[in-house]
Amino acid sequence: MAQSPSPDTADYLYSLANRGEYGELIRHIRDHDNQHVRYGAAGIVAESADAFAETVTPQTQQALIGCVLSEPSDAVRANILNVLLTVDESTFDTIITRLEADPESTPTERPYPLILTKWHSSGRPSLRFLAVVGFGRVGSQSTINKLRTTLSRETDLRVLRRAIEAAGTVGDETFVSPIQDHLRADNDEFQQAANSKQIAAVKEAAVEALVEIGTNAAYEALVTASRSTDDELKEQVIGKIGRFGAQETVDLVVDELDDDSNESIREEAAEGVITTFTETEFDEGDAVRQQAIEKIAEDVSTDVSEEFASIVEESPHRLEQRNAAWLLGQLEGSSEKAVDSLVDTLDDDDPDLRRIASASLTKLDQATVEGKIETFLETVDEDTEAHTLASFVKSNLHDTAAEAKKELVEYTHVTSPSDYTSSE
């Protein structure tokens, strides 16, 4: 077991930290021949890791990674890893990559990946964290078994969360049951019982991992979680379960659109509906969209157009924006925000999104759209496509439904939602 440095040495090392001289502390970690000094220096940097993170540079990160890979003492190594865990978790992947590149050159007598087993059995969480990162990369039957053990027995929330992420990456069916158990986790089960943020992170990782595993059992586990009384968990599930792309998923997420009491769940349900559209196979896309429209019309009494308008305005993904813009044109009701979002989209950089928005506007409340379009026409130049599209919308507002549909198809070529909503 590593011992602390002498009191005088400790005082000196603390004085370096107090003055922000982290480069000198790292030099002690890297170069000092006394293990106790290295241990103390690494521990002091770990104690002030938040302050250190504000000054860290790529060079200092690389220096610490080098220390991890060369340090003979696991006690010192664990302290260094504690620093890196605060500064940048991705450095653990970098460490594993370096070990993969030169498996014989480990800081102990055991080569990579056998060294992972030693770290996995350590009482120090940061070493176990590094081990599960490696297990996720190796993906052998042995490491799958060790990951499964971690999912069942680990008590450190950071290690557990990363093990769940690794399990999702590996994708083995046997992970489903232990991951599902963590969807029901509460504070009393863990050592860091008061850290609700880390518990929430574990549950979010569990939802994502089940989506990545993608089997029927994983889907059923998420369906069960969607009925949870834990609203945060329910939001995560509803927002992601649509990535299964199944028609059954549409019904599940549409049901949550009708939750008058929880705006966050309605927002996640709207995201889930759009995700079912974008994740469904091309030849099933129109059927899934029609299924969603019919169920919304039958079962959703709440005006949810604002939720889909937010996706049009805020999503970083074009496919999601296009699908949401198209769906707004299919809803029976339309809020002022929905109309505003579609009108603003007429001037978007994406030509497909512009056309879908114009098509949807012709189907919304005539009185609301007309005033917005008039105002929009006053703000754009006549020789722009935005002006042309707005003029097209205005001219169609007073047509009969049949005339509007005919002109819509001829002008925009939007004959089916899949024309512009199924590919980038």
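Data block above holds the structure.
Residues numbered from 1 in each chain as written. Predicted model: local features only at pLDDT ≥ 70, side-chain atom pairs only at ≥ 80, totals over all residues. Heavy atoms only, no water.

K.L.:
For this particular structure, what's the right way to read the nonpolar core?
P.N.:
Generally speaking, soluble globular proteins have nonpolar side chains that are buried together. In this structure, Ile179, Leu257, Phe308 and Leu361 are the most contacted members of the largest nonpolar core, which totals 120 residues. Among the elements that line this core, the one with the most residues is helix H13 (residues 196-213), at 9 residues. Those residues in contact with phenylalanine 308, other than ones at most four positions away along the chain, are Leu257, Ala270, Val273, Ile274, Ala324, Leu327, Leu328 and Leu331. (Core = buried A, V, L, I, M, F, W, Y, C linked by side-chain atoms within 4.5 Å. Buried < 20%, exposed > 50% of the residue type's maximum accessible area, 1.4 Å probe, protein only. Helix = DSSP H or I, 4+ residues; strand = E, 2+ residues; numbered from the N terminus. Contact = heavy atoms within 4.5 Å.)

K.L.:
Help me understand unusual backbone geometry, please; the structure alone is not making it clear to me.
P.N.:
Tyrosine 112 connects to proline 113 through a cis peptide bond whose omega is 5 degrees. Of note, proline 113 is situated in the loop between helix H7 (91-101) and helix H8 (114-120).

K.L.:
Teacher, can you tell me more about the pattern of salt bridges here?
P.N.:
Should their charged atoms come close, side chains of opposite charge can pair. Counted according to the given criterion, the structure contains 30 salt bridges. Glutamate 204 serves as the salt-bridge partner of lysine 240, at 3.9 Å between the closest nitrogen and oxygen. One end of the pair, lysine 240, is in helix H15 (residues 231-240); the other, glutamate 204, is in helix H13, and 36 residues separate them in sequence. Among the ionic pairs, arginine 243 bridges to glutamate 208, the shortest N-O distance being 2.9 Å. Here arginine 243, found in the loop between H15 and helix H16 (247-257), pairs with glutamate 208, found in helix H13; they are 35 residues apart in sequence, far enough to count as distant. Judged by its relative accessible area of 22%, glutamate 208 is partly exposed. (Salt bridge = Lys/Arg side-chain N within 4 Å of Asp/Glu carboxyl O.)

K.L.:
Explain the packing of helix H1 (residues 7-18) against helix H3 (residues 35-47) here, please?
P.N.:
Working note: a packed helix pair is described by the angle between its axes plus the distance between those axes. Following both chains from N to C, one finds H1 and H3 inclined at 35 degrees, their axes separated by 10 Å at the closest point. Crossing geometry of H1 relative to H3 is assigned as right-handed. Of H3, the residues touching H1 (which contributes Thr9, Ala10, Leu13, Tyr14 and Ala17) are Val37, Gly40, Ala41, Ile44 and Glu47. Classifying every residue of the contact of H1 with H3 by side-chain character gives 7 nonpolar, 2 polar and 1 charged. (Axes fitted to C-alpha atoms, helices over the stretch in contact; angles between N-to-C directions. Left-handed = near helix turned anticlockwise from the far one by under 90°. Nonpolar A, V, L, I, M, F, W, Y, C, P; charged D, E, K, R; others polar.)

K.L.:
Please clarify how the side chain of glutamate 71 should be interpreted in this entry.
P.N.:
Within the secondary structure layout, glutamate 71 lies in the loop between helix H5 (58-70) and helix H6 (74-87). At a separation of 2.8 Å, a polar atom in the side chain of glutamate 71 contacts the side chain of arginine 38. Apart from the residues within four sequence positions on either side, glutamate 71 is in contact with Ile29, Arg38, Val76, Arg77 and Pro107. (Polar contact = N/O pair within 3.5 Å; in protein donor to acceptor, adjacent residues only side chain to side chain.)

K.L.:
Could you clarify how one ought to interpret the layout of surface pockets in this entry?
P.N.:
Here the idea is plain: a probe the size of a water molecule rolls over the atoms and shows the empty space left. Estimates place the volume of the largest pocket at around 310 Å³. The wall of the largest pocket is formed by 15 residues, among which Gly239, Arg243, Glu271, Thr275 and Glu320 lie closest to the centre. No other element matches helix H17 (residues 263-279), which puts 5 residues into the lining of the largest pocket. (1 Å grid on protein atoms, 1.4 Å probe; cavity = no way out; pocket = protein on both sides within 12 Å on 5 of 7 lines; lining within 4 Å. Points joined across faces, edges and corners; volume = space filled by probe spheres on them.)

K.L.:
I tried to follow H16 on my own but got confused; where do I start?
P.N.:
Side chains of residues three or four places apart in an α-helix project in the same direction, reflecting 3.6 residues per turn. Looking only at H16, the buried set comprises Thr249, Val250, Leu252, Val253, Val254, Glu256 and Leu257. Each element contacted by the buried residues of H16 is listed here: helix H14 (216-225), H15, H17, helix H18 (285-299) and helix H19 (305-314).

K.L.:
Any chance you could explain the packing of H13 against H14 here in plain terms?
P.N.:
In the contact formed by H13 and H14, the axes pass within 8 Å of each other and the chain directions differ by 145 degrees. With respect to the hand of their crossing, H13 and H14 are arranged in left-handed fashion. Touching Val207, Leu210, Val211 and Ile213 of H13 are Ala218, Ala221 and Leu222, all from H14. For the contact of H13 with H14, the class distribution of residues is 7 nonpolar, no polar and no charged.

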